[in-house]
Amino acid sequence: MSVLVVVLAVTAAFCLGTGFVFQQNAARHAPLNDFLSPRILLDLMRKPRWLAGLGLMVVGMVLSALALGDGEISLVEPLLATNLLFAMALSRWQTGQPLGRQGWGGLALLTGGVTAFILAGQARGGDAITDPLRRWLIIGIMLGLALLLAAFAGRSRLTAAPALLATGAGLLYGVQDALTRVSGEYFGSGGWAALLTTWEPYVVLALGICGLILVQSAFEAGPLRNSLPALSATQPLAGIVCGVGFLGDRLRMDTGALAWQAVGLAAIVLGIVLLGRHPAMPSGSSPPHAAEDLRAG
């Protein structure tokens, strides 16, 4: 395990977590007719707080790309899931809420789960699987699920929309992370010429834009506690599936290791849920006219 990879991934998590808080603070005031529309990005660009959050998010993505370039995605993704810890810290500072049992329990589960999964899995690189059918099957399932979740979210708006959209965005970002690693390998072996003549970097850009629209719509539709846990839990799971599924990542497969990996992933998800539901997380609210506008629409 490279110390540099760990430092890059944790720093990326810090930038992502704090950036998400700033973005949600601004996005919850976006016009409701921008829901699931690219117009939401144009409107939010006028808000300095959102731009600050976007800048932090971009820095986080760059740092995560550097981490993915030097480390296995099955190692980096659990570390990126700790972005919720930093979002929680900023939110707690804003609200003044104590952590209490729920906060400390969520923190212990998340950090313990990440540690257990990494130590038990001992992720190491291997040869990427060259079967295109397997790669496209995994990517197609991820993108198809994200599309279905966005479609359902468009019908539910103020109820399950934040969680559905955040889950869809997490799937997109997990695939994006996997293709970012592939793009980095192309760049490392052949420079810009090799990178720009492949399809992966363009799909990475498209996934980033689509994921951003889903995330901002989720932030607009409801409190951060309803969306960020789903995003933070889904992205690493999707990334690990891609890493093991077609990038050649290898995890220990003996019974004891698999059991601890399962325990670690379960603890990560439960810790994320507990922290995301903590009172310190911004409750947010849609504009007062939200319900009326939605019924009229």
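Whatever comes next refers back to the structure up there.
This text gives an overview of the structure that appears in the document. (Residues numbered from 1 in each chain as written. Predicted model: local features only at pLDDT ≥ 70, side-chain atom pairs only at ≥ 80, totals over all residues. Heavy atoms only, no water.)

1. With respect to the overall build of the protein chain
Counting its regular elements, the protein chain contains 12 helices and zero strands. Mapped from its N terminus to its C terminus, the protein chain presents α and β elements in the order α-α-α-α-α-α-α-α-α-α-α-α. Burial status across the protein chain gives 52% buried among its 297 residues. Just so you have it, the protein chain exposes about 13100 Å², and 69% of that area is on carbon and sulfur atoms. (Helix = DSSP H or I, 4+ residues; strand = E, 2+ residues; numbered from the N terminus. Buried < 20%, exposed > 50% of the residue type's maximum accessible area, 1.4 Å probe, protein only. Areas by Shrake-Rupley, 256 points an atom, 1.4 Å probe, with all protein chains shown as cover.)

2. What to know about the environment of G184
Within the secondary structure, G184 sits in helix α8 (residues 161–196). Residue class for G184 comes out partly exposed when judged on its relative accessible area of 35%. Note: C-alpha distance between G184 and A65 (119 residues apart in sequence) is 7.8 Å.

3. With respect to the side chain of Q261
Among the structural elements, Q261 can be located in helix α11 (residues 255–276). Contact partners of Q261, with chain neighbours within four places excluded, come to F117, A120, G121, L251 and R252. (Contact = heavy atoms within 4.5 Å.)

4. Notes on the packing of aromatic side chains
Counted according to the given criterion, the structure contains four aromatic pairs. Ring plane angle 90 degrees and centroid distance 5.5 Å describe the contact between F14 and F86, whose orientation is recorded as edge-to-face. Here F14 is found in helix α1 (residues 3–27), whereas its partner F86 is found in helix α5 (residues 83–95), with 72 residues between them in sequence. Classification of F86 as partly exposed rests on a relative accessible area of 25%. (Phe/Tyr/Trp six-rings, centres within 6.5 Å; stacked < 30°, edge-to-face > 60°.)

5. Quick look at the packing of α8 against helix α9 (residues 200–221)
In the contact formed by α8 and α9, the axes pass within 7 Å of each other and the chain directions differ by 155 degrees. On the basis of their axis angle, the class for α8 and α9 is roughly antiparallel. Both α8 and α9 take part in a crossing whose hand is left-handed. (Axes fitted to C-alpha atoms, helices over the stretch in contact; angles between N-to-C directions. Parallel < 35°, antiparallel > 145°, perpendicular 65-115°, else oblique. Left-handed = near helix turned anticlockwise from the far one by under 90°.)

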